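Structural characterization, general
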2 protein chains.
Amino acid sequence: MSDKLSPLAPAQTPVLPEIGGVTCRVARARYKDWNRCDLTFVELAAGTAVAGVLTSSKCPSPEVEWCREALRGGTARGLVVNAGNANAFTGARGKEAVQLILSLASERLGCTENEIFVSSTGVIGVPLPTDKAKAGLKTAFEAPACGWEEAAATIMTTDTFPKMATASAVVGGTTVHLSGIVKGSGMIAPDMATMLGYIFTDAAVNAAFLQKMLSVATASSFNCITVDSDTSTSDTVLAFATGQSSAPALASFEDNGADAFQAALSDLCLQLSHLVVRDGEGASKFIEIAVTGADSDDSAKRIALSIANSPLVKTAIAGEDANWGRVVMAVGKAGEPADRDRLTIGFGGVTVARDGLVVPDYDEAPVSEHLKGSEIDIAVDIGLGSGKAKVWTCDLTHGYIDINADYRS
Amino acid sequence: MSDKLSPLAPAQTPVLPEIGGVTCRVARARYKDWNRCDLTFVELAAGTAVAGVLTSSKCPSPEVEWCREALRGGTARGLVVNAGNANAFTGARGKEAVQLILSLASERLGCTENEIFVSSTGVIGVPLPTDKAKAGLKTAFEAPACGWEEAAATIMTTDTFPKMATASAVVGGTTVHLSGIVKGSGMIAPDMATMLGYIFTDAAVNAAFLQKMLSVATASSFNCITVDSDTSTSDTVLAFATGQSSAPALASFEDNGADAFQAALSDLCLQLSHLVVRDGEGASKFIEIAVTGADSDDSAKRIALSIANSPLVKTAIAGEDANWGRVVMAVGKAGEPADRDRLTIGFGGVTVARDGLVVPDYDEAPVSEHLKGSEIDIAVDIGLGSGKAKVWTCDLTHGYIDINADYRS
């Protein structure tokens with residue numbers, strides 16, 4: 001955890017509703033030499049459906065490999081999250097640590113191992129110490145139930161604030177609730193920025209349908225954010241539906257309330273993903289990039305991410321410079337259909353360049369004022385079709401270099 | 001031009017041989033408010049063959065579009081390079097400026113317009129002022145011939161040193177010479193880093209074959225370097241073969257000396273491309289990344305570029321940290337075939353991680369010593385096949401942020 005709160009942290013922490021069938025407990029496993037809780041154990045009621053979206057990294061952690069395997073079963077009874085040690089790139093010993101956790105947790109909950117989900121985040125290359133995991137887990141088993149904020153704080157590594165959000169939907173006349181926690185994108189040397197997110201709902205949702213809805217929700221939220229274009233070996237988002245509300249079960253978009261639930265889930269994912277950007281390493285500006293008029297939505301997203309990942313664009317924003325030339329450059333390098341002479345680029349709602357030319361005498365005052373703020377909007381119209389996408393990122397500052405370079409192993 | 005010489009600049013400037021049929025002249029067009037030459041005019045003997053590799057940007061400058069068109073003819077009589085104004089994103093007026101230059105230069109040289117090649121680099125979004133271009137060009141026409149160093153300095157923007165290299169080959173018993181100049185990757189606000197490279201040889205080479213050899217040479221040189229992953233709208237490499245030596249003409253790899261010429265051309269491109277990295281914005285370390293054991297050479301190159309473009313890897317090197325975990329992350333995110341448990345990673349010739357595990361008790365002293373130096377080697381073996389590639393980059397430092405963010409428009 002950093003001592004310094006991100007300047008983009010929300011002013012207020014939301015109050016999350018309890019979710020029937022979800023009990024969080026935390027403990028000190030002391031994976032690092034720190035005096036804070038770093039192991040989260042979540043007990044889920046029998047019959048909980050689970051869905052997940054995991055890192056696309058070709059070198060994932062054993063936890064990710066396990067979750068991918070366990071997701072096939074579609075049911076969950078427990079979740080264990082370790083903070084301080086990512087257990088990635090640790091070979092057979094890393095797998096043994098996961099196995100130990102599965103064994104202990106499934107025994108405790110009287111379930112099968114493939115109903116237990118595990119994540120780890122922190123230092124990599126060091127196998128998760130099984131003695132600490134075992135002692136921590138046993139302590140957590142006996143710990144009193146804790147609230148969301150404590151759980152959100154326990155999964156943190158170098159995050160500067162706990163990240164939580166909530167949403168609700170009416171399904172068959174009954175309000176169902178969703179509560180979510182997320183961590184990232186901090187860094188513990190020699191760690192990498194990992195994003196872990198967990199969503200809990202008392203709705204009853206068929207696992208396959210939950211997976212479909214989660215995939216839809218993450219495509220326009222967690223998969224539309226970038227801090228530094230680097231993808232962790234451990235990125236994980238899991239959604240658990242306990243079915244403890246009295247609302248009727250959802251199994252397809254034909255079902256009454258399914259659209260409302262999808263909207264709530266998408267909203268929750270969007271809120272959580274934005275919190276990650278707001279805690280981006282060294283971030284001083286939260287940037288929304290909206291691309292319209294592209295050949296397709298996919299094309300728009302690739303162009304938007306090309307802009308969001310461009311170090312030249314990100315440093316320009318850090319410098320409060322409406323540098324539309326760098327935006328053109330990033331559009332051009334995306335490799336997607338684009339025509340220089342049809343591009344329109346705006347900052348903060350003011351069109352700066354249109355049809356391949358800077359707008360003569362555009363009003364610079366509101367643009368400069370906008371760039372001095374902490375919430376930056378960049379709008380790009382490609383002028384070719386109706387494809388559109390929004391992505392979110394932060395600026396690239398000296399703070400990023402401080403965090404990631406000013407370290408000696 | 002920056003006042004501060006890159007710490008990675010070569011200690012000595014090479015002396016380049018004159019190339020028969022090539023005459024360089026420079027002039028002050030004053031595209032910016034500076035007192036230096038910024039317009040280069042190169043006259044080429046009749047019968048000069050030309051080949052080129054241009055930016056893959058979908059939003060190229062009109063100069064790039066023109067060069068692409070003119071390359072179809074395969075012959076060149078003149079080259080004009082403007083520094084200080086990129087003439088990119090300038091619509092019809094930008095095209096008019098190119099047209100004016102074509103008209104003036106072709107008239108001067110008594111050739112067709114499609115034998116004139118043009119590049120511009122510098123501020124974007126401002127049409128190249130035709131009055132300055134015209135006056136500058138007319139001055140250059142009457143200027144005395146200048147040497148390579150003056151030409152190399154005249155094409156610079158924020159480069160901290162002029163970049164030149166030479167190579168030679170024996171073709172049919174006669175030595176042919178190659179001299180090359182390049183500029184990049186500096187930045188003039190609100191400009192973008194543009195790489196322009198020009199290679200001149202007195203060999204006689206069929207244009208189509210020159211194109212083939214240049215494509216081979218750039219694939220493993222200019223296309224294997226990265227400073228910040230951003231691609232300019234103006235990147236250009238042109239090769240001119242005047243045929244003024246007495247060596248027999250080359251038209252295919254069957255020809256005696258063709259292999260030697262390809263080797264010399266590839267060597268020259270490699271030298272020039274490394275000079276660009278050595279002048280990378282804020283660079284304090286020159287990094288070579290060698291990937292072996294990949295599924296294919298293409299796969300190896302994509303993995304190597306993923307490592308080279310990773311901000312986390314680049315900041316780790318800036319921090320002199322042998323952070324192999326970030327290298328694993330970058331391998332994983334490349335999306336290429338890779339198996340975490342077969343990866344081997346070394347720094348400066350010392351294996352740090354093998355078969356998915358850190359090497360216990362590896363000798364840290366030589367690794368730390370290596371990372372304190374300014375020439376860093378990272379070796380990654382994927383353990384799957386025989387595909388290999390080398391790429392070059394620099395570290396990501398506070399200097400990069402200073403150059404690119406600490407600017408107000």
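Residue positions within a chain follow its written sequence, with the count starting from 1. All chains are assigned letters beginning with A, and all ligands numbers beginning with 1, in the order in which they are written. Confidence filtering applies because this is a predicted model: local features only for residues at pLDDT of at least 70, side-chain atom pairs given and counted only at 80 or more, and all residues used for totals across whole chains, interfaces and linings.

All names here are of chain A. Note that the domain bounds were set by an automatic or database domain assignment. Along its sequence, chain A is carved into domain 1 (22-278) and domain 2 (286-405). Once you take the C-alpha centre of each, domain 1 and domain 2 turn out to be 33 Å apart. C-beta atoms are first placed from the backbone for all residues, and any pair lying within 7 Å is then listed as a contact. Taken residue by residue, the interface counts 10 residues in domain 1 and 13 residues in domain 2. Broken down by secondary-structure element, the contributors of at least two residues to the side of domain 1 that touches domain 2 are strand E8 (225-226) and helix H6 (258-278). We count a stretch as a helix when DSSP gives it H or I for four or more residues in a row; a strand needs E for two or more, and each element gets its number in order from the N terminus. The element that contributes the greatest number of residues to the side of domain 1 that touches domain 2 is H6, accounting for 3 residues. When the residues that make up the side of domain 1 that touches domain 2 are grouped by side-chain class, the tally is 5 nonpolar, 3 polar and 2 charged. Charged means Asp, Glu, Lys or Arg here, nonpolar means Ala, Val, Leu, Ile, Met, Phe, Trp, Tyr, Cys or Pro, and polar covers whatever is left, Gly included.

Turning next to the confidence of the model for chain A. Residues and elements named next belong to chain A. By definition, pLDDT measures how confident the predictor is in each residue, and it falls between 0 and 100. Across chain A, the average pLDDT comes to 92, with 96% of residues at 70 or higher. Here residues 186-192 is modelled with pLDDT under 50, and outside its nearest four sequence neighbours on either side it reaches 36 contacts, counting other chains as well. Reported confidences for the modelled complex are a pTM of 0.89 and an ipTM of 0.86.

Moving on, we get to the nonpolar core. The nonpolar core is taken to be a set of buried Ala, Val, Leu, Ile, Met, Phe, Trp, Tyr and Cys residues joined by way of C-beta atoms within 7 Å. To sort residues by burial, count the other C-beta atoms lying within 10 Å of each one's C-beta; a count of 20 or more means buried, 12 or fewer means exposed, and anything in between means partly exposed. C-beta atoms are built from the backbone. In terms of nonpolar packing, the biggest core is built from 287 residues, with A:Ile307, A:Val331, B:Ile307 and B:Val331 touching the most fellow members. Ignoring anything within four residues of it in the chain, the contact list for A:Ile307 reads A:Ile289, A:Val313, A:Val327, A:Ala330, A:Val331, A:Ile378 and A:Val380.

Take the interface of chain A and chain B next. Contact residues are listed per partner, giving 55 residues for chain A and 54 residues for chain B. Grouping the constituent residues of the side of chain A that touches chain B by class yields 22 nonpolar, 21 polar and 12 charged.

Bringing the pairing of strand E7 (residues 196-201) of chain A into the picture now. All names here are of chain A. By the criterion of burial, E7 is predominantly enclosed, with 6 of the 6 residues buried. For two strands to be treated as a pair, DSSP must find no fewer than two bridges joining them. Of the pairings in the sheet, the one linking E7 to strand E9 (residues 236-241) comprises 6 bridges and is parallel in character. Bridge assignment links Leu196 to a residue of E9, and that residue is Thr236.

Phi is positive for A:Phe89, which is not a glycine, with a value near 55 degrees. Mapped onto the elements, A:Phe89 comes out in the loop between strand E3 (75-85) and helix H2 (91-109). What makes A:Phe89 buried here is the crowd of 28 C-beta atoms within 10 Å. The phi dihedral of B:Asp361 is positive, around 60 degrees, even though this residue is not glycine. Within the element layout of this structure, B:Asp361 appears in the loop between strand E13 (357-358) and helix H10 (364-372). The exposure class of B:Asp361 is exposed, given the 6 C-beta atoms found within 10 Å.

Okay, the relation of the copies chain A and chain B next. With an RMSD of 0.0 Å, the operation that places chain A on chain B is a rotation of 180 degrees combined with a shift of 0.0 Å along the axis. One copy is carried onto the other by what is essentially a two-fold rotation axis. Every residue of chain A has its C-alpha some distance from the rotation axis, and the shortest such distance is that of A:His398, at 3.0 Å. Superposing copies: least-squares fit, C-alpha atoms only, residues required to have pLDDT of at least 70 in both.

Moving on to the sheet that holds strand E15 (residues 387-394) of chain A. Consider a sheet: its strands pair through backbone hydrogen bonds, and that pairing is either parallel or antiparallel. Read from one edge of the open sheet, 7 strands run E8-E15-E10-E14-E11-E12-E13 (chain A), paired in mixed fashion. Sheet topology places E8 and strand E13 (357-358) of chain A at the edges, where each strand pairs with a single neighbour.

With that settled, consider the pairing of strand E2 (residues 39-54) of chain A. Residues and elements named next belong to chain A. Bridge count between strand E1 (residues 22-27) and E2: 6 bridges; the pairing is antiparallel. By the bridge assignment for E2, Val22 is matched with Leu44. Note: E2 against E3, 7 bridges, orientation antiparallel. Along E3, the bridge assignment pairs Phe41 with Val80. Strand direction decides the pairing type here: E2 and E9, joined by 6 bridges, are antiparallel. Directly across from Ala49, in E9, lies its bridge partner Ala241.

Residues and elements named next belong to chain B. The strand order across the open sheet formed by 7 strands is E8-E15-E10-E14-E11-E12-E13, and the pairing between neighbours is mixed. Because the sheet does not close on itself, it has two edges, and the strands there are strand E8 (225-226) and E13. Relative to E13, strand E12 (residues 350-354) runs antiparallel, the two sharing 2 bridges. Residue Arg354 lies in a different strand from E13, and its bridge partner there is Leu357. As a rule, the C-alpha atoms of each element are fitted with a line to give its axis, helices using only the stretch in contact, and angles between N-to-C directions run from 0 to 180 degrees. Strands in contact with helix H6 (residues 258-278) are E8, strand E10 (286-294) and strand E15 (387-394); relative to E15, the strand with the most contacts, it is inclined by about 40 degrees.

Below, the discussion takes up the packing of helix H1 (residues 62-70) of chain A against H2(A). Residues and elements named next belong to chain A. The contact between H1 and H2 brings their axes to 9 Å, and the two run at 50 degrees. Classified by the angle their axes make, H1 and H2 are oblique. Crossing angle aside, the handedness with which H1 passes H2 is right-handed. Of the residues in H2, those touching H1 at Pro62, Glu63 and Trp66 are Gly94, Lys95 and Val98. Of the residues contributing to the contact of H1 with H2, the split by class is 3 nonpolar, 1 polar and 2 charged. Our angle categories are set so that under 35 degrees counts as roughly parallel, over 145 as roughly antiparallel, 65 to 115 as roughly perpendicular, and the remainder as oblique. Crossing handedness is read from the near helix: turned anticlockwise from the far helix by less than a right angle, it gives a left-handed crossing, and turned clockwise, a right-handed one.

This paragraph deals with helix H3 (residues 130-142) of chain B. All names here are of chain B. The first and last C-alpha atoms of H3 sit 19 Å apart over 13 residues, in line with the 18 Å expected at 1.5 Å per residue. All of the buried residues along H3 are Lys132, Ala133, Gly136, Leu137 and Ala140. One face of H3 carries all of its buried residues, which in axial projection span an arc of 125 degrees. Exposed residues pointing more than 90 degrees away from the buried face of H3 are listed as Asp131 and Glu142. On its buried face, H3 sits against strand E1 (22-27), strand E2 (39-54), strand E3 (75-85) and helix H2 (91-109). Under the convention used throughout, the expected extent of a helix is 1.5 Å for every residue step, that is, one less than its residue count. Here the arc refers to the directions that run from the helix axis out to each C-beta atom.

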